[in-house]
Amino acid sequence: MESLLAAAHLHPATFSPASLSSSSCSRSPSVARGVRSGGRTVRCAYTKDAILYALEHDAMFNSDEVIQWESGKTINTIAAAQGISIRRRCRPRYPSEGSGDDKAVPRDILEQIIWDKEVEVSQRKAKKPLRSVMESSEHAPPVRDFMGALTAAYNRNGVPALIAEIKKASPSRGVLRENFNPVEIAQAYEENGAACISILTDEKHFQGSFENLETVRNSGVKCPLLCKEFVIDAWQIYYARSKGADAILLIAAVLPDLDMKYMLRVCKSLGMTALIEVHDKRELDRVLKLDGVELIGINNRSLETFVLDTSNTRMLMEKRGDIIRDRGIMVVGESGLFTPDDVAYVQNAGVSSVLVGESLIKAEDPGRAIAGLFGKELMR
Ligand SMILES: O=C(O)c1ccccc1NCC(=O)[C@H](O)[C@H](O)COP(=O)(O)O
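Residues numbered from 1 in each chain as written. Predicted model: local features only at pLDDT ≥ 70, side-chain atom pairs only at ≥ 80, totals over all residues. Heavy atoms only, no water.

If you check an unreviewed UniProt entry, the protein chain appears there as indole-3-glycerol-phosphate synthase from Lolium multiflorum. In UniProt, the protein chain has this text filed under Pathway (unreviewed entry): "Amino-acid biosynthesis; L-tryptophan biosynthesis; L-tryptophan from chorismate: step 4/5." The record in UniProt for the protein chain states the following under Catalytic activity (unreviewed entry): "1-(2-carboxyphenylamino)-1-deoxy-D-ribulose 5-phosphate + H(+) = (1S,2R)-1-C-(indol-3-yl)glycerol 3-phosphate + CO2 + H2O". (UniProt positions renumbered as here; feature names shortened; annotations may be inferred.)

Take a look at the structure:
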């Protein structure tokens, strides 16, 4: 079994025998497993074709792709049924389907980012195949306790724990800071009480990089690091870990349920925390159906329209706060926080952590801006 998984470049840690279906698949699978979908168990298989394709393309299949291969449905059909409006363009598909719809135009910025990310990830994978990035992740510096850092900071300060973001530019605001030295900014954040640091790694739309992540990790900064990426492929999680990330963002508006489920398991196998980001009730409900969710981010910014509205956090917490508390899930209030009143507002709504970029990064002294944001100095 393990050699087959290895042959198809499937990680034994994530596709362990325990995850396999107890009953075998009726087709003649080389590897069979059962996945829960909408309350029923779907029997699916890595068929001979799938494994040959994986070997040829050095690909790792996400759960949805397996369902797709078996059902003949496209990933966009599966995603749309879950309320996901972001379409995928050139995700590896059954070879006979061709490579994607070249004539389509993106509907919004998030879709544009995802389409660009598909190209970027396939190029990166061509240079550093999955097996190689998995090996690199094994030699990465040890994982730091992201959840522990947030909990300790919240208990210490009595205000939401700060995840301070290093972001040079954004699609909604353009360049946020000309004089941009990620290590100096990270040190300033840490010295002024940030619990964790978020680092944008997308180059095309945010002028970020994995070099920034790696350099901060090797700089002596001790805060756990969130890789702020647009993850569409588990390869990116291994890559982020290989560069020193302790946590990674998974966006519910982009990832179908089974991808999230699968990627949560990849994170767990690497000891990383997954911050699962939602923007509306439907996404939140999808995420609350998953096992193993520890950290949910409620984004006040619509990634499709850029509209910022902090009452989004309150609205979702009013609707689902009870379930979230019962499950012991920590909530991060994300985006559009500029003043102590903004922080108090989301804290009253029930969040115990905040993710803040623009209001800190645009300040002349991003470290000192932390006390301005909270209305008091944070203890480290
Ligand atoms: O920031 C954007 O313009 C943006 C556009 C499209 C997708 C994602 C985007 N931002 C990512 C984030 O979630 C924010 O960087 C993060 O929550 C911090 O927000 P802010 O404090 O408002 O900079």
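Having put the structure on the table, let's press on.
**Student:** Where do I start with the site of the ligand in this structure?
**Tutor:** Close to the ligand lie 19 residues; E165, K167, S172, S335 and G357 are nearest. S172 places a polar side-chain atom, nitrogen or oxygen, 2.5 Å from an oxygen atom of the ligand. In this structure, an oxygen atom belonging to the ligand sits 2.8 Å away from a main-chain N or O atom of G357. Protein burial of the ligand: of its 510 Å² of free accessible surface, 99% is covered by the chains. Tallied by class, residues from the shell around the ligand come to seven nonpolar, six polar and six charged. (Near = heavy atom within 4 Å. Polar contact = N/O pair within 3.5 Å; in protein donor to acceptor, adjacent residues only side chain to side chain. Areas by Shrake-Rupley, 256 points an atom, 1.4 Å probe, with all protein chains shown as cover. Nonpolar A, V, L, I, M, F, W, Y, C, P; charged D, E, K, R; others polar.)

**Student:** What exactly am I supposed to notice about the pattern of salt bridges here?
**Tutor:** Two side chains with opposite charge may pair up if their charged atoms get near one another. Using the criterion set out here, one finds 21 salt bridges in the structure. As a salt-bridge pair, E118 and R88 come within 2.6 Å of each other at their nearest N and O atoms. Within this pair, whereas E118 is found in helix α5 (residues 109–127), its partner R88 is found in the loop between α4 (75–81) and α5, the two being separated by 30 residues in sequence. Residue classification places E118 among the buried positions, given a relative accessible area of 5%. You can call R88 buried: its relative accessible area is 9%. (Salt bridge = Lys/Arg side-chain N within 4 Å of Asp/Glu carboxyl O. Helix = DSSP H or I, 4+ residues; strand = E, 2+ residues; numbered from the N terminus. Buried < 20%, exposed > 50% of the residue type's maximum accessible area, 1.4 Å probe, protein only.)

**Student:** Just checking my understanding: could you explain helix α12 (residues 281–288) for this structure?
**Tutor:** Helical periodicity: at 3.6 residues per turn, an α-helix aligns residues three or four positions apart in one direction. Where α12 is concerned, the buried positions are E283, L284, R286, V287 and L288. Against α11 (257–270), β9 (273–278), β10 (295–299) and α13 (311–326) lie the buried residues of α12. Put simply, D280 is the residue that caps the front of α12, since its side-chain oxygen is 3.3 Å from the backbone nitrogen of R282. (Contact = heavy atoms within 4.5 Å.)

**Student:** Explain the packing of helix α6 (residues 130–138) against helix α10 (residues 234–242) to me, please; I cannot follow it from the model alone.
**Tutor:** The axes of two packed helices give the description: the angle between them and the distance between them. Where α6 contacts α10, the axes come no closer than 8 Å and their chain directions differ by 35°. In this structure, the crossing between α6 and α10 has a hand that is left-handed. Along the contact surface, α6 presents L130, V133, M134, S136 and S137, while α10 presents W235, Y238, Y239, R241 and S242. Taken together, the residues of the contact of α6 with α10 break down into six nonpolar, three polar and one charged. (Axes fitted to C-alpha atoms, helices over the stretch in contact; angles between N-to-C directions. Left-handed = near helix turned anticlockwise from the far one by under 90°.)

**Student:** So what exactly am I meant to see when it comes to the sheet that holds strand β11 (residues 330–334) here?
**Tutor:** Whether parallel or antiparallel, the strands of a sheet pair through hydrogen bonds between backbone atoms. On the basis of which strands lie adjacent, the closed barrel formed by eight strands has the order β3-β6-β7-β8-β9-β10-β11-β12 and parallel pairing. Mean inter-strand twist for the sheet, computed between neighbouring axes without regard to direction, equals 25°. As judged from the three bridges shared by β11 and strand β12 (residues 353–356), these two strands associate in the parallel manner. Residue pairing for β12: E334 is matched across the bridge by L355. Here α13 sits on the sheet in contact with β9, β10 and β11, set at roughly 155° to β10. (Pairing = 2+ DSSP bridges.)

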